[in-house]
Structures are given as C-alpha cells and as structure tokens.
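Coordinate analysis (summary)
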Amino acid sequence: MSSAVTQTVTNQIDAERLWSRLMDMAKVGATAAGGSNRQALSDDDADGRALFVEWATAAGCTIATDAVGNLFARRPGKDPDAAPLMMGSHLDTQPTGGRFDGVYGVLGGLEVIESLNDHGIETEVPVEVAVWTNEEGSRFARSMMGSGVWAGVMDLDEVRSITDVNGLTVGDELDRLDWAGDVPFAHPVSNYIELHIEQGPILENAGTEVGIVTGVQGLRWYTINLEGFPAHAGPTPMDLRKDPARALHEILAGVYAIADDHAPWARATAAMFRSDPVSPNTVPQSITFSLDLRHPDKAVLDEMDARMRALVAEAAGRHGCESSIGVDNDSPPINFAEACVSAVERSARSTNYSHERIVSGAGHDACYVAAVAPTSMIFIPCEDGLSHNEAESIEPDQAARGVEVLYGAALELAGGS
Ligand SMILES: [Zn+2]
C-alpha cells in the first residue's frame with residue numbers, strides 16, 4: 001500500500017500522520033487477507049484501544065470511560081466545564097472486517113485534535129473523541145451496544161448478561177479488561193459528528209468526494225405467511241387450486257413496484273422463502289418469506305407499509321389463500337439536527353470538495369447519540385462500496401478529505417479561533 005498523499009485543498013490536517021495511524025491500527029488483529037479482526041471486548045480490541053489511548057494521551061487528552069466501557073478522550077477548552085464537541089465511532093470490527101469501518105471515525109477525530117494542537121488553537125468548548133463499545137454486534141449480538149446504553153436506549157444490566165458463543169458475558173469481559181469507569185451515561189455533549197466510510201456505492205458512482213449525511217433510513221422487517229391447499233401437481237386443474245406460489249408471484253411484482261415508485265431511496269428486499277411441504281410435484285400448502293422495507297421518510301415508509309398490506313391481502317384472496325403479516329423489527333428513520341448537518345455542509349463547501357447530501361443505509365452509533373445531542377455524519381466513498389469485508393479499501397486522499405471537512409465543522413462548532 002502506497003503512503004503517498006497529495007496535498008488537500010485546505011491542508012489543515014496532517015494527511016500523512018492520519019494514514020500512518022490508520023495503517024498502524026490495522027496491524028492490531030490483522031488478518032492474512034489484509035483485513036482486521038478486533039471483535040468487541042477481545043484482547044485484540046483491548047490492544048487497539050491501548051494504542052489509541054497512547055496516541056491520545058501523547059496529544060494531551062485525558063481519558064475516561066463509562067460503565068459499559070465507552071471511552072472518551074478529551075482535549076480541554078477555554079471553558080473546561082462546557083459540554084464538549086464530540087467526534088468518534090468504534091474500533092471493534094467484524095471477524096473478517098476491514099481496516100476502516102469505525103476506525104476511520106475514531107482516528108479522524110484524533111487527527112482533528114492533533115491538528116488543533118499543531119495550529120495552537122484553543123477552542124471555546126472541550127473537544128472529545130468517543131470510542132463506542134461493541135458497535136458491530138458480531139461477538140456479542142447487540143449492535144451499537146455502547147452508544148445504545150449511553151443514550152439510555154438499552155439497559156446496562158441486560159447488556160452485561162449477553163453471552164458470546166463460549167458463554168462469556170459482556171459483564172465478564174468488561175470486568176476482566178477493567179473497562180468500566182464512572183463517566184455518567186448521556187453526559188452533556190454540544191454536538192456529535194461521526195466520520196465514516198459510506199459502506200455503499202452511491203458516492204463512488206456519482207464521483208462525489210464527501211457525503212453530508214442527513215439521517216438514517218427507517219426499516220421494517222416482516223414475516224409474511226401465505227396459506228393455500230396442497231394438491232397433486234398433475235390432476236389438479238389450474239383454476240381449481242389454492243396456490244400460495246401464485247399469490248407470491250403477484251406480491252413480489254407489487255412490492256418491487258412500490259420501491260420503484262419511491263426511488264431512489266426506497267428499498268424492498270424479499271428473502272428466506274420457505275414452502276411446505278418440500279416437494280416438487282405438490283401445490284404448496286404454505287409459503288413463508290421475509291420482507292425488508294426501508295425509506296428515510298416515516299410518512300413514505302407508512303405508505304409503503306399500507307400498500308404492501310393491501311397487496312398481500314388482495315393477491316392471497318385472488319388465489320383462495322389466507323395471509324398473515326408479522327412485524328419483526330420496526331426501526332424509525334433518524335433525521336439528524338439541521339444545524340449540525342449545515343455546519344458540516346459549510347465546511348465541505350469551504351474545502352471545494354464535491355459533496356452532496358446523502359442518507360445512510362446502515363445503522364451507526366450516531367443513530368443513538370442523535371437522541372441525546374445534535375448529530376451529523378460525514379461519509380467518504382469506499383472502493384466498490386465494499387464493507388464488512390477484508391478487502392474494504394479507501395485511498396489516502398479520500399481519507400484526508402473527510403477529515404478536512406470534519407476539522408472545519410469541529411472548529412466552527414467548538415468555537416475555535
Ligand atoms: Zn461502523
């Protein structure tokens with residue numbers, strides 16, 4: 001991997017330092033295929049944090065943690081008691097994770113602090129970098145766990161009792177690693193900005209350098225069951241069947257039409273098809289499948305929901321079948337605070353990087369932090385939109401652009417001069 005970095009437009013950060021930190025962190029829990037494996041609350045995760053603490057301490061930050069192990073590195077401001085501007089993300093990875101998911105937001109925040117030091121800037125309010133515990137939810141199956149507990153959305157005791165495949169609990173590991181500290185949950189934060197790779201192809205395909213994230217899509221997961229009547233595939237005439245597969249065929253066509261009607265942001269994904277009995281020459285008695293609908297606007301998601309329900313009932317009825325729809329997950333859209341989004345946008349404009357407003361298709365710690373503090377996110381493109389993959393890749397120039405935009409927004413929101 002080349003470490004050559006061209007000059008950025010504003011050049012307020014040290015792009016070489018940023019890249020070398022990213023590459024050094026990638027050596028902790030490095031995988032043979034070029035990715036990272038630092039699963040939450042493992043020794044590798046702890047080693048990654050220790051490296052971050054070493055850098056942050058050298059940059060003059062004080063380090064503190066809360067009871068779920070979220071770590072906060074703070075650079076003081078003129079008013080040391082003021083609510084800090086917070087940046088951050090996570091250092092834990094998927095078992096076959098990439099080198100940038102989460103890491104980039106944490107080390108980007110650190111680079112902002114080091115650049116403030118380089119320029120001798122004292123901000124009005126403190127500047128803090130958060131390292132959230134267990135964002136990935138792979139070893140301990142609760143994603144965005146640290147930020148969820150911090151924001152009061154999840155219960156600490158409940159989270160401490162979650163086990164991994166070996167029967168170890170989150171609580172066991174927090175105690176073993178001595179991560180639990182005394183920073184109160186939801187401590188006052190003036191604004192939160194999370195810098196992240198996009199993990200999708202939209203910016204890359206558009207040739208846009210920086211994404212100004214306005215919020216996160218809402219999603220609903222359904223289990224849909226269609227009940228027909230089993231019959232012999234040969235002797236039973238087509239018009240005398242109660243065939244759930246024929247209803248399914250119409251439902252799928254209708255569901256994709258709903259998504260097309262609300263392009264470009266609507267998503268519809270049908271999967272996990274199961275028919276019973278499992279036989280090639282019997283009209284199925286029942287078909288069950290999952291449906292995932294997404295949109296950033298709750299009113300549109302409600303409309304998609306209503307159309308889908310009508311579609312299922314009508315298609316099932318037309319073919320003499322019964323239908324039922326269960327809701328397995330209902331996660332409302334998140335709209336980030338406009339003032340915080342605008343600050344990021346002003347910063348992007350001042351750098352002259354091409355930028356556009358974008359909605360996140362994936363969940364992030366910012367989703368929960370947004371319930372406590374004005375929040376926004378900055379995305380940069382990643383190669384082929386690939387993430388949760390050891391081949392996850394960004395270029396040093398791209399990494400620098402996102403941090404330049406973060407630096408400008410942080411300077412405005414923290415009151416730097
Ligand atoms: Zn992430």
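Residues numbered from 1 in each chain as written. Predicted model: local features only at pLDDT ≥ 70, side-chain atom pairs only at ≥ 80, totals over all residues. Heavy atoms only, no water.

Here's the deal with the overall build of the protein
Stated formally: Secondary structure elements follow DSSP: runs of H or I no shorter than four residues count as helices, runs of E no shorter than two count as strands, and numbering proceeds from the N terminus. Only C-alpha atoms enter the radius of gyration; for comparison, a globular chain is expected to reach 2.2 Å times N to the power 0.38, where N is the number of residues. The buried label goes to any residue with under 20% of its type's maximum accessible area, the exposed label to any with over 50%, and the partly exposed label to all in between, with areas taken from a 1.4 Å probe on protein chains only. Every residue pair with non-hydrogen atoms within 4.5 Å of one another is taken to be in contact.
Helices and strands together make up the secondary structure of the protein, namely twelve helices and 15 strands. Here the C-alpha radius of gyration of the protein, 24 Å, is about what a compact globule of 417 residues would show, namely 22 Å. For the protein, the residues scored as buried account for 55% of the 417 residues in total. Intrachain contacts of the protein at a sequence separation of at least 6 include 78% that bridge at least 24 residues.

Some points on the domain arrangement of the protein
Let me state the cut-off plainly: For every domain, the bounds stem from an assignment made automatically or drawn from a database. Two parts placed together each lose some accessible area under a 1.4 Å probe, and adding up what both lose gives the buried area. What counts as a salt bridge is simple: a side-chain nitrogen of Lys or Arg found within 4 Å of a carboxyl oxygen of Asp or Glu. Pairing of N or O atoms within 3.5 Å defines a polar contact, subject to two protein rules: one partner must be a possible hydrogen donor and the other a possible acceptor, and residues neighboring in sequence count only if both atoms are side-chain atoms. The residue classification treats Ala, Val, Leu, Ile, Met, Phe, Trp, Tyr, Cys and Pro as nonpolar and Asp, Glu, Lys and Arg as charged. All others, Gly included, are polar.
When the domains of the protein are assigned, the result is domain 1 (15–216 + 333–414) and domain 2 (218–331). Spacing between the C-alpha centres of domain 1 and domain 2 amounts to 38 Å. Taken together, the seven residues of domain 1 in the interface contact nine residues of domain 2. Buried area between domain 1 and domain 2, summed over both chains or domains, comes out near 520 Å², and the portion from carbon and sulfur atoms is 67%. Of all residues in domain 1, I202, P333 and V359 bury the most surface against domain 2, accounting for 75% of the area lost on that side. Where domain 1 packs against domain 2, one counts zero salt bridges. For the interface between domain 1 and domain 2, the tally reads one residue pair in polar contact (both at pLDDT 80 or more). Its residues placed into classes, the side of domain 1 that touches domain 2 shows five nonpolar, two polar and no charged.

Examining unusual backbone geometry
Trans peptide bonds make up the majority, and among non-glycine residues the majority have a negative phi. A cis geometry characterises the amide bond from A263 onward to P264, with omega recorded as 5 degrees. Mapped onto the secondary structure, P264 falls in the loop between α8 (244–261) and β9 (267–276). The residue after D276, namely P277, is reached through a cis peptide bond having omega 0 degrees. Tracing the chain through its elements places P277 in the loop between β9 and β10 (282–283). At M272, a residue that is not glycine, the phi angle is positive and equals roughly 55 degrees. Relative to the elements of secondary structure, M272 occurs in strand β9. The phi torsion at N352 lies on the positive side, around 70 degrees, for a residue other than glycine.

Quick word on the confidence of the model for the protein
To keep things clear, this is the line we draw: Per-residue confidence from the predictor is reported as pLDDT, a score between 0 and 100.
For the protein, per-residue confidence averages 95 on the pLDDT scale, and 97% of positions sit at 70 or higher. Counted against residues more than four places away or in other chains, residues 1–9, with its pLDDT under 50, gives 19 contacts.

Side note on the packing of helix α1 (residues 15–26) against helix α3 (residues 103–118)
The line we're drawing: The axes used here are C-alpha line fits, helices contributing only the stretch in contact, and every angle between their N-to-C directions lies in the interval 0 to 180 degrees. If an angle is under 35 degrees, it is roughly parallel; if it is over 145, roughly antiparallel; if it lies from 65 to 115, roughly perpendicular; otherwise it is oblique. Handedness of a helix crossing follows the sense of rotation of the near helix relative to the far helix, less than a right angle counterclockwise being left-handed and clockwise being right-handed.
Two elements in contact, α1 and α3, have axes whose closest approach is 10 Å; the angle formed by their N-to-C orientations is 140 degrees. The orientation of α1 relative to α3 falls into the category oblique. Crossing handedness for the pair α1 and α3: right-handed. Residues R17, L18, R21, L22 and M25 of α1 lie in contact with α3, whose contacting residues are V103, Y104, L107, G108, L110, E111, E114, S115 and D118.

Here we look at the pairing of strand β3 (residues 85–89)
Heads up, the condition is: Whether two strands pair depends on DSSP finding at least two bridges between them. Orient the strands so they point away from the viewer; a crossover is then right-handed if the path from the first strand over the helix to the second runs clockwise.
Most of β3 is tucked away: five of the five residues are buried. Residues L85, M87 and S89 line one face of β3 and the alternating positions M86 and G88 line the opposite face, and both faces are buried. The sheet contact formed by β3 and strand β4 (residues 127–131) spans five bridges and is parallel. Paired with L85 across the two strands is V127, which belongs to β4. Once the chain exits β3 it traverses α3 before rejoining the sheet at β4, and the crossover so formed is right-handed.

Digging into the environment of L311
On the secondary structure map, L311 appears in helix α9 (residues 298–318). Separated by 194 residues in the primary sequence, L311 and N117 have C-alpha atoms spaced 60 Å apart. Every residue in contact with L311, bar those within four places of it in the chain, is listed here: E250, I251, G254, V255 and I258.

Things to note about the coordination of the zinc ion
Let me state the cut-off plainly: Donor selection uses N, O and S atoms within 2.8 Å of the metal (3.2 Å for Na, K and Ca). Since no water is included, sites may look incomplete.
For the zinc ion, every protein donor is listed as H90 (NE2), D101 (OD) and H196 (NE2), and the spread of their distances is 2.0 to 2.2 Å. Between the donor residues of the zinc ion, the gaps in sequence give the motif H-x10-D-x94-H. Of this pair, H90 sits in the loop between β3 and α3 while D101 sits in the loop between β3 and α3, and the two are eleven residues apart along the sequence. Taking the relative accessible area as the measure of exposure, D101 reaches 5% and is therefore buried.

Details of the packing of aromatic side chains
The test is simple: Ring geometry is summarised as follows: Phe, Tyr and Trp rings, the Trp one being its six-membered ring, pair when their centres sit within 6.5 Å, and such pairs are stacked at plane angles under 30 degrees, edge-to-face over 60 and tilted between the two. A ring is considered to have a charge above it if a Lys NZ or an Arg CZ atom is located within 6 Å of its centre and within 35 degrees of its normal.
Here the structure, examined in full by the defined rule, presents five aromatic pairs. Residues W19 and F100 carry aromatic rings whose centres are separated by 5.7 Å and whose planes lie at 25 degrees to one another, so their mutual orientation is stacked. Of the two residues, W19 is situated in helix α1 and F100 in the loop between β3 and α3; the sequence distance between them amounts to 81 residues. Judged by relative accessible area, which is 2%, W19 ranks as buried. Taken together, the aromatic side chains of F72, W132, W150 and Y192 make up a single cluster linked through ring pairs. Its end group placed over the ring of W179, R49 keeps NZ or CZ at 3.7 Å from the ring centre.

A short note on the nonpolar core
In globular proteins that are soluble, nonpolar side chains generally tend to be buried together. Inclusion rule: Among buried residues, those of type Ala, Val, Leu, Ile, Met, Phe, Trp, Tyr and Cys that are joined through side-chain atoms within 4.5 Å constitute a nonpolar core.
Core analysis: the largest hydrophobic core is formed by 80 residues, its most contacted members being L22, F52, L107 and I193. When residues of this core are assigned to their parent elements, the largest contribution, eleven residues, is made by helix α12 (residues 396–414). Setting aside residues no more than four positions away along its own chain, F52 makes contact with M25, L71, A73, L91, V106, L107, L110, V129 and V131. Within the second largest apolar cluster, 26 residues are counted, among which are Y222, L248, V255 and L291.

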